[in-house]
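Survey of secondary and tertiary structure
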Amino acid sequence: MLQQPSPTQFSWIKSTLFIVCLIPLARLAILGVTGGLGANPIEFITRSTGTWTLVFLLIALSVTPLRRLLEMPWLLKLRRMFGLYAFFYALLHFLTYIWLDQFFSPEDIIKDVLKRPFITIGFTSFMLLIPLAVTSTNAMIKRMGGKNWQQLHRFVYAIAVGGVVHYWWLVKKDVTQPQIYAAVLALLLGIRLVFLWRKHNAATNNSKN
Ligand code: HEM
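Note that this is a predicted model, so its numbers are computed, not measured.

Helix and strand counts for the protein chain stand at ten helices and zero strands. Once the C-alpha set of the protein chain is aligned to its principal axes, its extents read approximately 65 × 40 × 40 Å. Looking at the 209 residues of the protein chain, the share that counts as buried comes to 34%. Of the contacts made within the protein chain by residues no fewer than 6 positions apart, 67% connect residues no fewer than 24 positions apart.

Have a look at this one:
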């Protein structure tokens, strides 16, 4: 267990992580100006931003298990930042697709969303992510009420599953990478089920006593 950091230490941790989370974007920018994006820069950017969306979703989902297993409640204060970074990279991923891949053509986008199942599920996951990002502020939590807010934010599980399926379906041959993401997600969701089961057992035992 790591001791509760002081407000100054916490602010340092948060600021450092905030900058670290920007490294994937900085890398893309540097590769872009130095001509390092390879023969197909659009594919490179799409794949990179897609990967980071999934990684940040999984990081955000690992906050609750980690804070409970390591007894570090303060980790919760970092969850929103990771969630918003997931949204940020998803937005870049989506913009790359609609701008550089589909040239802002609504007909082509609609056709593609309806035609290719991996795009359908990626698109749906992104649409579900928008209300979570919009309601991530303290004012919104207050306005919605904690319970409603929590219920809405449970969509993150479906979004993460959607993200993994999206990846799995787009890979043509070697599915090792999506399998690894699926295993990590299964572990994170599995830990939550164990927590729920323990809570349920504790409540039943209490009501018996
Ligand atoms: C939560 C939402 C999403 C997640 C987590 C996600 C994740 C990913 C991942 C992990 C990849 C593969 C990266 C790699 O090959 O290394 C990818 C690729 C891709 N995604 Fe997404 N994505 C999301 C939403 C979307 C949306 C909304 C669209 C477009 C409507 C989209 C279109 C694509 C395309 C075109 C590729 C590249 C396919 C290829 O190179 O063959 N994704 N995405």
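A separate point is the pattern of salt bridges. A side chain of one charge can pair with a side chain of the opposite charge when the charged atoms of the two come close. Per the stated rule, a full pass over the model turns up one salt bridge. Ionic pairing is found between Asp 112 and Arg 116, a salt bridge with its closest N-O pair at 2.8 Å.

On to the environment of Phe 118, then. Counting through the fold element by element, Phe 118 comes out in helix H6 (residues 117–134). In this structure, the C-alpha to C-alpha distance between Phe 118 and Leu 76, residues 42 residues apart in sequence, is 32 Å. The residues touching Phe 118, leaving out its near neighbours within four places in the chain, are His 166, Trp 169 and Leu 170.

Moving on: a nonpolar patch on the surface. Together, Leu 66, Leu 69 and Leu 70 make up a nonpolar patch on the protein surface, roughly 260 Å² of accessible area in all. Residue placement: Leu 69 occurs in helix H3 (residues 41–69). Judged by its relative accessible area of 54%, Leu 69 is exposed.

Once that is clear, we can look at the site of the ligand. In the vicinity of the ligand, 20 residues are found, and the nearest of them are Arg 47, Gly 50, Thr 51, His 93 and His 166. Within the side chain of His 93, one N or O atom sits 2.7 Å away from a nitrogen atom of the ligand. His 166 is positioned such that a nitrogen or oxygen atom in its side chain is 2.8 Å from a nitrogen atom of the ligand. Of all elements in the fold, only H3, helix H4 (76–101), H6 and helix H9 (155–170) reach the threshold of two or more residues within the shell around the ligand. For the shell around the ligand, the element with the highest residue contribution is H3, accounting for seven residues.

Once that is clear, we can look at unusual backbone geometry. Excluding glycine, most residues fall at negative phi; most peptide bonds, likewise, are trans. The backbone phi angle of Phe 103 is positive, close to 50°, even though this residue is not glycine. For Phe 103, the location among the structural elements is in the loop between H4 and helix H5 (106–115). Overall, the relative accessible area of 63% leaves Phe 103 in the exposed class. Unlike most non-glycine residues, Phe 104 shows phi in positive territory, near 55°. Along the polypeptide, Phe 104 turns up in the loop between H4 and H5.

Axis separation between H6 and H9 bottoms out at 8 Å; the angle between their running directions is 155°. When the interaxial angle is binned, H6 and H9 end up roughly antiparallel. Here H6 runs over H9; the crossing is left-handed. Every residue of H9 that contacts H6 at Pro 117, Phe 118, Ile 119, Ile 121, Gly 122, Ser 125, Leu 128, Leu 129 and Leu 132 is listed here: Phe 155, Val 156, Ile 159, Gly 162, Gly 163, Val 165, His 166, Trp 169 and Leu 170. Split by residue class, the contact of H6 with H9 holds 13 nonpolar, five polar and no charged.

Parameters and conventions
Residues numbered from 1 in each chain as written. Predicted model: local features only at pLDDT ≥ 70, side-chain atom pairs only at ≥ 80, totals over all residues. Heavy atoms only, no water. Helix = DSSP H or I, 4+ residues; strand = E, 2+ residues; numbered from the N terminus. Buried < 20%, exposed > 50% of the residue type's maximum accessible area, 1.4 Å probe, protein only. Contact = heavy atoms within 4.5 Å. Salt bridge = Lys/Arg side-chain N within 4 Å of Asp/Glu carboxyl O. Patch = residues over 30% accessible without salt bridge, like charges linked within 9 Å, V, L, I, M, F, W, Y side chains within 5 Å. Areas by Shrake-Rupley, 256 points an atom, 1.4 Å probe, with all protein chains shown as cover. Near = heavy atom within 4 Å. Polar contact = N/O pair within 3.5 Å; in protein donor to acceptor, adjacent residues only side chain to side chain. Axes fitted to C-alpha atoms, helices over the stretch in contact; angles between N-to-C directions. Parallel < 35°, antiparallel > 145°, perpendicular 65-115°, else oblique. Left-handed = near helix turned anticlockwise from the far one by under 90°. Nonpolar A, V, L, I, M, F, W, Y, C, P; charged D, E, K, R; others polar.

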